[in-house]
Amino acid sequence: MTELRVGNTRLTLVQGDITVQHVDAIVNAANAALQGGGGVDGAIHRAGGPDIMAECRQIGGCPTGQAVRTTAGRLPAHHLIHTVGPVWSGGSAGEPDLLASAYRRSLQLAAAHGARTVAFPSISTGVYGYPKDLAADAALETVTAACSQVDLDEVRFVVFGDDDLAIYRQAMRARASK
Ligand code: AR6
């Protein structure tokens, strides 16, 4: 399964590079200092160009579970939403709430800037070590719930690896049967 409908919003799943997605808002899995790094953050800054980092320096930082907005530089999007997911440390340090908050705040901020289409990477599941299956379930659950509060046409989950694709497919199937 690669598509779900929630009210007026399509939840879609694609495998690939988030930096080439033509959407209104791309979400970045950033760190609290907004100082760039590896993974999807590194790819976004490389593809988007230096103006994004200049804006990040002006903003100064973003607490875990929150989101901030910059322009998207050379990326094929209007907005870049930087959110900070939790570092996984076993699951009893508030990680699920913080991950849900990262997705929710990103959607709210994108919608507040007029975005109709938003693309997410799988936040926290790389360097930050969040278990991929738990993160996929949380992403789908949070986005599904948020769709009744924000008016969007499409939320696109952009996964990188084959394992991520299989995990998201399974999570979408499970959600469709609820
Ligand atoms: N497009 C889509 N997904 C990608 C791409 C890409 N181009 N590149 C990697 N991924 P991570 P985190 C996937 O580590 O765990 C950075 O250093 C990747 O396979 O990028 O939230 C930041 O500065 C994984 O599934 O983010 C922070 O310090 C997912 O994106 C820290 O890493 C997230 O992996 C954030 O860690």
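Preceding this section is the structure that the text describes.
Remember, it's a predicted structure, so these values are computed and weren't measured experimentally. (Residues numbered from 1 in each chain as written. Predicted model: local features only at pLDDT ≥ 70, side-chain atom pairs only at ≥ 80, totals over all residues. Heavy atoms only, no water.)

## Observations regarding the overall build of the protein
Next, step 1: Each helix and strand counted, the protein has 5 helices and 7 strands in total.
Next, step 2: The order of helices and strands in the protein, counted from the N terminus, is β-β-β-α-α-β-β-α-β-α-β-α.
Next, step 3: The globule rule puts the C-alpha radius of gyration for 178 residues at 16 Å, and the 15 Å found for the protein is close to it.
Next, step 4: Projected onto its principal axes, the C-alpha coordinates of the protein cover approximately 45 × 35 × 30 Å.
Next, step 5: When burial is assessed residue by residue, the protein has 51% of its 178 residues classed as buried.
Next, step 6: Of the contacts made within the protein by residues no fewer than 6 positions apart, 70% connect residues no fewer than 24 positions apart.
Next, step 7: Carbon and sulfur atoms make up 50% of the accessible area of the protein, which amounts to about 7900 Å² in all. (Helix = DSSP H or I, 4+ residues; strand = E, 2+ residues; numbered from the N terminus. Rg over C-alpha atoms; globule rule 2.2 N^0.38 Å. Buried < 20%, exposed > 50% of the residue type's maximum accessible area, 1.4 Å probe, protein only. Contact = heavy atoms within 4.5 Å. Areas by Shrake-Rupley, 256 points an atom, 1.4 Å probe, with all protein chains shown as cover.)

## Comments concerning the nonpolar core
Next, step 1: Core analysis: the biggest nonpolar cluster contains 35 residues, and Leu 11, Tyr 103, Leu 107, Val 118, Phe 120 and Phe 157 have the highest contact counts within it.
Next, step 2: Broken down by secondary-structure element, the contributors of at least two residues to this core are strand 1 (3–6), strand 2 (9–15), strand 3 (25–29), helix 3 (95–112), strand 6 (117–120), helix 4 (132–146), strand 7 (154–159) and helix 5 (162–176).
Next, step 3: It is helix 4 that provides the largest number of residues to this core, a total of 7 residues.
Next, step 4: Apart from residues lying up to four places away in sequence, Tyr 103 is in contact with Phe 120, Pro 121, Ser 122, Ile 123, Ala 139, Thr 142, Val 143, Phe 157 and Tyr 168.
Next, step 5: If you look at the next biggest cluster of nonpolar residues, it comprises 18 residues, including Ile 18, Ile 26, Met 53 and Leu 75. (Core = buried A, V, L, I, M, F, W, Y, C linked by side-chain atoms within 4.5 Å.)

## So, the site of the ligand
Next, step 1: With respect to spatial proximity, 21 residues lie near the ligand, and among them Asn 31, Val 40, Asp 41, Ser 124 and Val 127 are the closest.
Next, step 2: A distance of 3.0 Å is found between a nitrogen atom of the ligand and a backbone nitrogen or oxygen belonging to Ile 18.
Next, step 3: In this structure, Thr 125 approaches the ligand through a side-chain N or O atom, which is 3.1 Å from an oxygen atom.
Next, step 4: Compared with its free state, where it exposes 700 Å², the ligand has 90% of that area covered by protein.
Next, step 5: Comparing atom positions with the cavity grids shows the ligand to sit within the largest pocket.
Next, step 6: Looking at the shell around the ligand, the element that brings in the most residues is helix 1 (residues 39–48), giving 4 residues.
Next, step 7: Tallied by class, the residues present in the shell around the ligand amount to 9 nonpolar, 10 polar and 2 charged. (Near = heavy atom within 4 Å. Polar contact = N/O pair within 3.5 Å; in protein donor to acceptor, adjacent residues only side chain to side chain. 1 Å grid on protein atoms, 1.4 Å probe; cavity = no way out; pocket = protein on both sides within 12 Å on 5 of 7 lines; lining within 4 Å. Sits in = over half its atoms within 2 Å of the grid points. Nonpolar A, V, L, I, M, F, W, Y, C, P; charged D, E, K, R; others polar.)

## Overview of the environment of Cys 62
Next, step 1: Within the secondary structure, Cys 62 is located in the loop between helix 2 (50–59) and strand 4 (67–71).
Next, step 2: Taking C-alpha positions, Cys 62 is 17 Å from Gly 42, a pair spaced 20 residues apart along the chain.
Next, step 3: With near-sequence residues (within four places) excluded, Cys 62 lies in contact with Ala 32, Leu 34, Ala 67, Val 68, His 82 and Val 84.

## Quick look at unusual backbone geometry
Next, step 1: Residues other than glycine seldom take positive phi values, yet Leu 34 does so here, at roughly 55°.
Next, step 2: Here Leu 34 is to be found in the loop between strand 3 and helix 1.
Next, step 3: In this structure Leu 34 comes out as buried when scored by relative accessible area, which is 3%.
Next, step 4: The phi angle at Ser 124 is positive, at roughly 75°, despite the residue not being glycine.
Next, step 5: Inspection of the secondary structure puts Ser 124 in the loop between strand 6 and helix 4.
Next, step 6: For Ser 124, a relative accessible area of 5% corresponds to the buried category.

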